[in-house]
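What follows is the residue order along each chain.
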Amino acid sequence: MKCIIIDDEPLAQELLEDFISKIPFLELVASCSNGFEATTALQTQKIDLIFSDIEMPHFSGIDFIKSLDNKPMFIFTTAYSHYAVEGFNLNAIDYLVKPIPFHRFLKAATRAQNLLKLKVEETSAPPTGLLYQCPMYPRSLLKLITTFVSLCPVPSLCSYSM
């Protein structure tokens, strides 16, 4: 999972870089000091996850996330708990308050990984609620509803409704 860090504090960036290096499914693409640098990273690479501080010079992490048209998943990493409600209203994956213990970072990263897996499964799954002709059973159709598959004999379609 490709990720970037947005934090104006070098020590916070170093800590997050260290944490990311310990998690095999995370790949750090860029460490950015502000939203301007992050915009460049987002324009040049496909980013799956953003770790963003909130209070930064020029504009906040919240304003930066609000400014994105196609938002990657994001986790706020901040020293201030009072932005949490606003963060979750923006659909943050998690909200980590500094100093961040590694176990909390790992939990947040794992949550993001699980959500990404679900997104991939959703986009690769066939449309739901449709009927398909099954070559192995020519007198039956496959009825797909979410991930459940069942065979319907053709005569029973008269009573089938979606």
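What follows concerns helix α2 (residues 35-44). Listed as buried for α2 are Gly35, Ala38 and Ala41. Seen along its axis, α2 keeps its buried residues to an arc of 110 degrees; they face one direction. Projecting away from the buried face of α2 at angles above 90 degrees are the exposed residues Gln43 and Thr44. Lining the buried residues of α2 we find β1 (2-6), β2 (27-32) and α3 (61-67). For α2, the side-chain oxygen to backbone nitrogen distance between the N-cap and phenylalanine 36 is 3.0 Å, and the N-cap itself is asparagine 34.

Further remarks concern the pattern of salt bridges. Taken as a whole, this structure holds seven salt bridges when the rule is applied. Note that aspartate 7 and lysine 98 form a salt bridge whose closest N and O atoms lie 2.7 Å from each other. With aspartate 7 in the loop between β1 and α1 (10-21) and lysine 98 in the loop between β5 (94-97) and α5 (102-124), this pair connects stretches of sequence that are 91 residues apart. For aspartate 7, a relative accessible area of 0% gives the class buried. Residues lysine 66 and glutamate 86 are paired through a salt bridge, measuring 3.2 Å at the closest nitrogen-oxygen approach. One end of the pair, lysine 66, is in helix α3; the other, glutamate 86, is in helix α4 (residues 84-89), with 20 residues separating them in the sequence. According to the relative accessible area criterion, lysine 66 is partly exposed, its value standing at 45%. Its relative accessible area of 33% is what places glutamate 86 among the partly exposed residues. Beyond isolated ion pairs, a larger network of salt bridges with shared partners links Asp7, Asp53 and Lys98.

Side chains of residues three or four places apart in an α-helix project in the same direction, reflecting 3.6 residues per turn. Along its twelve residues, α1 runs 16 Å from first to last C-alpha, staying within 8% of the 16 Å computed at 1.5 Å per residue. Among the residues of α1, those classed as buried are Ala12, Gln13, Leu16, Phe19 and Ile20. Along the long axis of α1, the arc covered by the buried residues comes to 125 degrees, so they all point the same way. Opposite the buried face of α1, at more than 90 degrees from it, the exposed residues are Pro10, Leu11 and Ser21.

Another point: unusual backbone geometry. Note on backbone geometry: most residues besides glycine have negative phi, and most peptide bonds are trans. Note the cis peptide between lysine 98 and proline 99, where omega equals -5 degrees. With respect to the element layout, proline 99 can be found in the loop between β5 and α5. Located in the positive-phi region is histidine 58, a residue other than glycine, with phi close to 80 degrees. Histidine 58 sits in the exposed class, given a relative accessible area of 67%. Backbone geometry at asparagine 91 places phi at a positive 75 degrees, although glycine is not the residue there. Assignment of secondary structure puts asparagine 91 in the loop between α4 and β5.

Take the sheet that holds strand β3 (residues 49-52) next. The strand order across the open sheet formed by five strands is β2-β1-β3-β4-β5, and the pairing between neighbours is parallel. A strand with exactly one partner marks an edge of an open sheet, and here the two such strands are β2 and β5. Between one strand axis and the next, the sheet turns by 20 degrees as a mean value, whatever way the strands run. Pairing of β1 with β2, which is carried by five bridges, proceeds in the parallel orientation. Counterpart to cysteine 3 in the pairing with β2 is leucine 28.

Thresholds applied
Residues numbered from 1 in each chain as written. Predicted model: local features only at pLDDT ≥ 70, side-chain atom pairs only at ≥ 80, totals over all residues. Heavy atoms only, no water. Buried < 20%, exposed > 50% of the residue type's maximum accessible area, 1.4 Å probe, protein only. Helix = DSSP H or I, 4+ residues; strand = E, 2+ residues; numbered from the N terminus. Arc of directions from axis to C-beta. Contact = heavy atoms within 4.5 Å. Polar contact = N/O pair within 3.5 Å; in protein donor to acceptor, adjacent residues only side chain to side chain. Salt bridge = Lys/Arg side-chain N within 4 Å of Asp/Glu carboxyl O. Expected span 1.5 Å × (residues − 1). Pairing = 2+ DSSP bridges. Axes fitted to C-alpha atoms, helices over the stretch in contact; angles between N-to-C directions.

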